[in-house]
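# Understanding the architecture of this molecule
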Amino acid sequence: MAKKSKTISARKVGNIRLIVQIFFFALIALIAVNHTMEEAGKAIPILSSASLHAVCPFGGVVSVYQFITSGTYVRKIHSAAFILMWIVFVLTVFLGPVFCGWVCPLGSIQEWFGKLGKKIFKRRFNRLIPYKVDRVLRYLRYLMLGWVVYMTAVTGTLVFSNIDPYFALFNFWTSEVAIGGVIILAVVLVLSLIVERPFCKYACPYGAVLGVFNLFRIFKIRRQRSTCIDCKACDRTCPMNIPVSTGGAVRHHQCITCLKCTSEQVCPVANTVELTTVKLETLSKEAVS
Amino acid sequence: MTLRSKHILPIVLAAFLIGIGGTIIFNLWQTTSSKVPAAYTSGEFAGEYNPGDIRGSYSFGDIEEAFAVPVAGLAEAFGVEDSENPAAFLCKSLEEMYGQVGDGEIGTDSVRWFVALYTGLPYTPEEDTLLPSTALSVLQERLSETELEEVKAKTVSLAGLAAAVENEETAKDEAAPEAAAAEQADTHTESEAGEVKGKTTFGELQSWGVGKEEIEEALGLPVGKAGVTVRDYCTENGIEFSTVKEALQAAVDRAMDKQ
């Protein structure tokens, strides 16, 4: 009975994140559609009709070099992208890459495709790539980040937009989208049926930037060794395949703060895996005293 | 301090609302570039807006505001008078509507040229820029016979154009999807690599192997920042892009031959 009520409450908690993901997905989709409608002179009032480049915080990241050297933004990037970049950086300093796990529409759609993949592949889903290969592939996104930042600095144009699946997702109906982006989007969605969040894991340059914050974020996913029953439920549920059960705090560069591993969701023992600022052992001692 | 999902929701929403709302209040939030074109810096027209700085994102309404060219005239000239809201029509949409026509192109540069002809401001269009023939009737009273004849040589009939576009679309529909994809990829490569256009940046020139000295020689000015387009740089420095385009293209061709 207690286990059943824990499952229900965990599902409710998981729905909070789903609601946020749907909200941001719908918001960006509406803005993208409104941008197209504005060009046809039929924009919906109140709702923003900004181009997708203007509302993507990664646009701010790739503009940093040009902004520092010449005080201008890369073409198609405006102050809004810079502001969003700072908002996300502040959130990430505190909570880690919460943007990836809760906000990014490309991450959300991969996750939703993954739910279908789970039904098809059952337990093999997200476990098909050998660990050794997977571990190396995960550093590809840093290469991607280096290439994008360097090429944008050299050419002063948004080189990534030609292969950006996020741009393709919300612009596939316009002539602005490059065929490369559409192909990559299709590949990412197909791979999402086999691997959880493949683009986030292996190719996302923005995820690479935010992932670094996991090393020094203020709120960390922490595990209390003394109460942990070593059931590995946290490891199995982690979409990014992080071995949560092997340490005291998660500092893995791919954590996306989805909170699936915590005691409010999958961990069966209360106060054992939590998003917190202090070691859980310290909290327990304080509670006892 | 421990946080749960129920805390993350308001934190994330509040961060975006406060961050965006705050910057809107202080007028820092910009999602589009300003629709105020650069002005001529020297000569007879110093201080007047330069049609050479009209961007693809400018609507006909923006152009009317900056250059006092009526939206109705622009709509008639470019064959969009049937559009529901011609004032909101964007210059870049012409590239979708007409784009490449034979060896030439109807696009944003056509609007720049039209505005220059309408207002009498100096502007040299790119060599392949064309105007729809409907522009002639709008310009008739503003140009001399000789000028009209010169412009006429670079116009295309919209009726003929519609037929050409229709034929092209039919041919594309009949072609295999692979061929269409290959064609699109080819077109993309051609317009991106090695072709000097108004939107080409100094960074792109250098990535194509053109040295700084060669660029400076062609421009007669120091090299601009990597992210700045050559056209914008020329406009800022009061020179016509078309006067340096050929020399830059030659430098690019030489550099690409070496590679």
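Residues numbered from 1 in each chain as written. Chains lettered and ligands numbered in written order. Predicted model: local features only at pLDDT ≥ 70, side-chain atom pairs only at ≥ 80, totals over all residues.

## A look at the nonpolar core
Counting residues in each nonpolar core, the largest one holds 81 residues, and the members touching the most others are A:Val55, A:Ala80, A:Ala81, A:Leu84, A:Phe99, A:Val244 and A:Cys261. Those residues in contact with A:Phe99 that lie beyond four places of it in its chain are A:Val88, A:Leu91, A:Thr92, A:Cys104 and A:Leu210. With 30 residues, the next largest nonpolar core counts B:Cys91, B:Ile106, B:Val111 and B:Leu130 among its residues. (Core = buried A, V, L, I, M, F, W, Y, C linked by C-beta atoms within 7 Å. Buried ≥ 20, exposed ≤ 12 C-beta atoms within 10 Å, placed from the backbone. Contact = placed C-beta atoms within 7 Å.)

## With respect to the environment of A:Thr277
Inspection of the secondary structure assignment puts A:Thr277 in the loop between strand E2 (273–276) and helix H13 (280–288). Judged by C-beta crowding, with 14 C-beta atoms within 10 Å, A:Thr277 ranks as partly exposed. Along the primary structure A:Thr277 and A:Arg217 are separated by 60 residues, whereas in three dimensions their C-alpha atoms are 9.1 Å apart. Apart from the residues lying within four places of it in its own chain, the contact partners of A:Thr277 are A:Ile218, A:Phe219 and B:Met1. (Helix = DSSP H or I, 4+ residues; strand = E, 2+ residues; numbered from the N terminus.)

## Comments concerning the interface of chain B and chain A
Counting residues at the interface gives 40 residues for chain B and 43 residues for chain A. Listed by contribution, the elements that provide at least two residues to the side of chain B that touches chain A are strand E1 (2–3), helix H1 (5–25), helix H4 (93–97), helix H9 (177–192) and helix H10 (202–207) of chain B. Of all the elements, H1(B) adds the most residues to the side of chain B that touches chain A, at ten residues. Class assignment of the residues belonging to the side of chain B that touches chain A gives a composition of 17 nonpolar, 17 polar and six charged. Alignment of E2(A) against E1(B), held across two bridges, turns out to be antiparallel. Across the sheet, the residue bridging to A:Thr276 is B:Thr2, located in E1(B). (Nonpolar A, V, L, I, M, F, W, Y, C, P; charged D, E, K, R; others polar. Pairing = 2+ DSSP bridges.)

## Comments concerning unusual backbone geometry
Residues and elements named next belong to chain A. Backbone geometry places Arg 197, a non-glycine residue, at a positive phi of 45°. Of note, Asn 271 is a non-glycine position whose phi angle comes to about 55°, a positive value. Along the chain, Asn 271 falls in the loop between helix H12 (233–237) and E2.

## Re the sheet that holds strand E1 (residues 220–223) of chain A
Strand order in the open sheet made by the three strands is E1(A)-E2(A)-E1(B), with antiparallel pairing throughout. Of all the strands in the sheet, the pair left with one neighbour each is E1 of chain A together with E1 of chain B. Note: E1(A) against E2(A), four bridges, orientation antiparallel. Residue pairing in the sheet places A:Ile221 in a bridge with A:Leu275 of E2(A).

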